[in-house]
Amino acid sequence: METIPNEVIKNIMHRRAIRSFETRQIEESALQQILQAGLYAPSAGGRQGVLLVVCQDKEINERLGKIKRSNSNPKMATATSYVSREQPSIADDPNLRNAFYDAPTVITMFAPKNFLFSAEDCAVAAENMMLAADSLGIGSCYIGAGWTAFADSYGQEILRRWGIRTDYYAVMQLLLGYPREGDNHPTPKPRKDNRIIRV
Ligand SMILES: Cc1cc2nc3c(=O)[nH]c(=O)nc-3n(C[C@H](O)[C@H](O)[C@H](O)COP(=O)(O)O)c2cc1C
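Sequence positions are assigned chain by chain, starting from 1 and proceeding in written order. Local features in a predicted model are, by the rule used here, given only for residues with pLDDT of at least 70; side-chain atom pairs are given and counted only at 80 or more, and totals for whole chains, interfaces and linings are based on all residues. Excluded from the side-chain calculation are hydrogens and water; included are all heavy atoms of the structure.

A. Molecular detail of the site of the ligand. Near, as used in this document, describes a residue that has one of its heavy atoms within 4 Å of the molecule or strand being considered. Lining the immediate surroundings of the ligand are R15, R16, A17, R19, V83, S89, Y101, C141, Y142, I143 and G144. Pairing of N or O atoms within 3.5 Å defines a polar contact, subject to two protein rules: one partner must be a possible hydrogen donor and the other a possible acceptor, and residues neighboring in sequence count only if both atoms are side-chain atoms. Contact distances for the ligand include 3.0 Å between an oxygen atom and a side-chain N or O atom of R16. At a separation of 3.1 Å, a nitrogen atom of the ligand approaches a polar backbone atom of G144. In isolation the ligand has 620 Å² of accessible area, and contact with the protein removes 59% of it. Lys, Arg, Asp and Glu make up the charged group, whereas Ala, Val, Leu, Ile, Met, Phe, Trp, Tyr, Cys and Pro make up the nonpolar group; the residues left over, Gly among them, are polar. Grouping the constituent residues of the shell around the ligand by class yields 6 nonpolar, 2 polar and 3 charged. Note on areas: these come from Shrake-Rupley sampling with a 1.4 Å probe, and a residue is covered only by the protein chains present in the view.

B. Representation of the pairing of strand β4 (residues 168-177). Within β4, 9 of the 10 residues are buried, leaving the element largely enclosed by the surrounding structure. Here strand β2 (residues 105-112) pairs with β4 via 8 bridges, running antiparallel. Residue I107 lies in a different strand from β4, and its bridge partner there is L174. As paired strands, strand β3 (residues 139-143) and β4 are joined by 5 bridges and run antiparallel to one another. If you follow I143 over to β4, its bridge partner there is Q173. Classification of residues uses two cut-offs on accessible area relative to the type maximum, computed with a 1.4 Å probe and protein chains only: under 20% is buried, over 50% is exposed, and between them is partly exposed. Secondary structure elements follow DSSP: runs of H or I no shorter than four residues count as helices, runs of E no shorter than two count as strands, and numbering proceeds from the N terminus. Here, a strand pair is defined by DSSP locating no fewer than two bridges between the strands.

C. Structural detail: a nonpolar patch on the surface. Only residues whose relative accessible area exceeds 30% and that form no salt bridge enter a patch; like-charged residues are grouped when within 9 Å of one another, and nonpolar side chains (Val, Leu, Ile, Met, Phe, Trp, Tyr) when within 5 Å. The salt bridge criterion pairs a side-chain nitrogen of Lys or Arg with a carboxyl oxygen of Asp or Glu, the two atoms within 4 Å. The grouping of V8, I9, I12 and M13 at the surface amounts to a nonpolar patch, some 370 Å² of accessible area in total. Locating I12 in the fold gives a position in helix α1 (residues 7-14). I12 gets classed as partly exposed once you look at its relative accessible area, which sits at 37%.

Everything listed here is a matter of coordinates, which is why it stays silent on function.
Written out as C-alpha cells, the structure reads:
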C-alpha cells in the first residue's frame, strides 16, 4: 500500500531554491511567521545563539549582493554541471550582478565566531524558515559564506550601523520574496543513487 505523505512531508518535497522574485515586499505577517519558525529551530546546547538580521532596504541589499557577487568563486557552470536551469544561480549566469538576485528581503544570520556549532545552528534555523516560507507561498534561497557580502569598507560600515558585535560573523543569508509571476515552480534534480546505506 502506498503511503500518503502528510503536510510536513509534502512541504519538504515541494520547497525549492528560488532566485527570481517579484519586486513587491512580502507580507509582514508571513515574515513574522517565518522568523518564528527560525527562532524555534534546534540549537546546539539549546544556546539560541543565532541572530537574524532582517534587511528590507533595497539599496543596502543590492550593494551587499554586488559585493558578494564580486567576491564569489568565478568558476562557472558547464553544459553538464550546473546549479539550476529554471532558477539560474550566479554560477550559471555570468550576467547576474547581484548574488542576492534582487530578493526584497535578505536575512543575514550571524553567530559567534568562537563556537563550534555556529554554522549548524544557522543551517537548521534556515531550513525551518525555508519550509515555513514555502508553506506560505514565499520563495527562498540559502546563500552560503555570508561574510563575503561584508568584505569591503561599505560592508564593514553596514556591520557597524547594524550594531553587530565583532565576535559574531555572518554565516549565511536567507533570501525571501514572492516567486516571479509566470515562473513554473522548479522541478528537483533526480536524487543520486546509493546515498542511503543500511547497515
Ligand atoms: C550550504 C548551502 C549554500 C548555498 N549557497 C548558495 C549560494 O551561494 N547561491 C545560491 O544561489 N544558492 C545557494 N544554495 C542553494 C543551492 O544551490 C540549492 O539548494 C541546490 O541547488 C538544490 O536546489 P533546491 O534547493 O531547489 O533543492 C546553497 C545551499 C546550501 C545548502
